[in-house]
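Take a look at the letters that make up each chain.
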Amino acid sequence: MKQITRRQALSICGCALTVAAIGVRPAFAANDHKEVISKFTGGKDVKEGKVSLELPEIAENGNTVPLSVSVESPMTKDNYVKRVVVVADANPRAGVATFHFSPASGVAEASTRMRLAQTQNVIAVAEMSDGAFYMAKRQVKVTIGGCGG
Amino acid sequence: MASSKPRVKVPKTAKKGDVIEIKTLISHKMETGQRKDKKTGKPIPRKIINKFVATFDGEQVFAVDVEPAVSANPYIKFNMRAEKTGDLVFTWVDDDGKSYTAKKTLTVN
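**Q** Just give me the short version of the nonpolar core, but keep the residues and values in it.
**A** In terms of nonpolar packing, the biggest core is built from 60 residues, with F62 and F90 of chain B touching the most fellow members. If near-sequence neighbours (up to four positions away) are discounted, F62 of chain B is found in contact with F99, H100, F101 and A110 of chain A together with F52, V53, A54, I76 and F78 of chain B.

Following this line, the structure appears as structure tokens:
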């Protein structure tokens, strides 16, 4: 058997490392979702509750995942939902959309369709007119990611 | 892009105090800026609808800051409390600076 030279040994190791790095990266792709949320809340405390997120448990196609968000509120001039931010914690970029409501909205509810690159958590944070923040979080399992190409 | 045609569904009439449902859709590719051209390997520049605004008689009722994670042909559904007869104007703003609008009249009785 031919002896492996030092140079060959190094190149083999290098390849193995590269493969490992590529293989691991997508599974732990932490994005900027924490920054997006803290920018939205201005660093204030966020309580659980009041917000509900409607999402499929399993999304077969990550290119178009239906999303509905609603917030409990009387939606009067003195007590209404100002804004709701929706983020996804493992997309290339966390931001999905920010909904701006007004007392004329009647109810704080909105729907859209979003892209999800992989299985991940979707988080919605609502800002009330009195300055309080509430959130909800749901995991969506994605069969085919929506950031191809 | 001439094909960015907005479509809006609003009830023609409503009773005073009713909360109506409004559905909107605009055809748009919503290029994320994350994709690469398969032939050249160069990134495809971002081009999305970045803002949606709905006004009633000139006052903002609802708006959305849209990010690239919103799907192609963005669909947006929201609600409004019908208080009086008036015009709903919807505006979509493109990354290239263009904007698209649609108008619907709501009759409240």
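From this point, the narrative continues.
**Q** How would you explain the pattern of salt bridges if you had to name every residue and give the values?
**A** Pairing of side chains with opposite charge becomes possible as their charged atoms draw close. Applying the stated rule across the entire model yields 13 salt bridges over all chains. Linking E127 of chain A and R83 of chain A is a salt bridge whose minimum nitrogen-to-oxygen distance equals 2.8 Å. Taken together, the residues span a long stretch of sequence, with E127 of chain A in strand β8 (residues 120–128) and R83 of chain A in strand β5 (residues 81–88) at a distance of 44 residues. When its relative accessible area of 24% is taken as the criterion, R83 of chain A is described as partly exposed. In this structure, the salt-bridge partner of K77 of chain B is E21 of chain B, at a minimum N-O distance of 3.7 Å. A residue pair is termed long-range when its members are at least 10 positions apart, and K77 of chain B in strand β6 (residues 75–81) and E21 of chain B in strand β3 (residues 19–26) qualify at 56 residues. According to the relative accessible area criterion, E21 of chain B is partly exposed, its value standing at 38%. Salt bridges sharing partners connect three or more residues here, namely K47, D94, D96 and K98 of chain B.

The rules behind each value
- Residues numbered from 1 in each chain as written.
- Chains lettered and ligands numbered in written order.
- Predicted model: local features only at pLDDT ≥ 70, side-chain atom pairs only at ≥ 80, totals over all residues.
- Heavy atoms only, no water.
- Core = buried A, V, L, I, M, F, W, Y, C linked by side-chain atoms within 4.5 Å.
- Buried < 20%, exposed > 50% of the residue type's maximum accessible area, 1.4 Å probe, protein only.
- Contact = heavy atoms within 4.5 Å.
- Salt bridge = Lys/Arg side-chain N within 4 Å of Asp/Glu carboxyl O.
- Helix = DSSP H or I, 4+ residues; strand = E, 2+ residues; numbered from the N terminus.

Function cannot be inferred from these measures alone, as they are strictly geometric.
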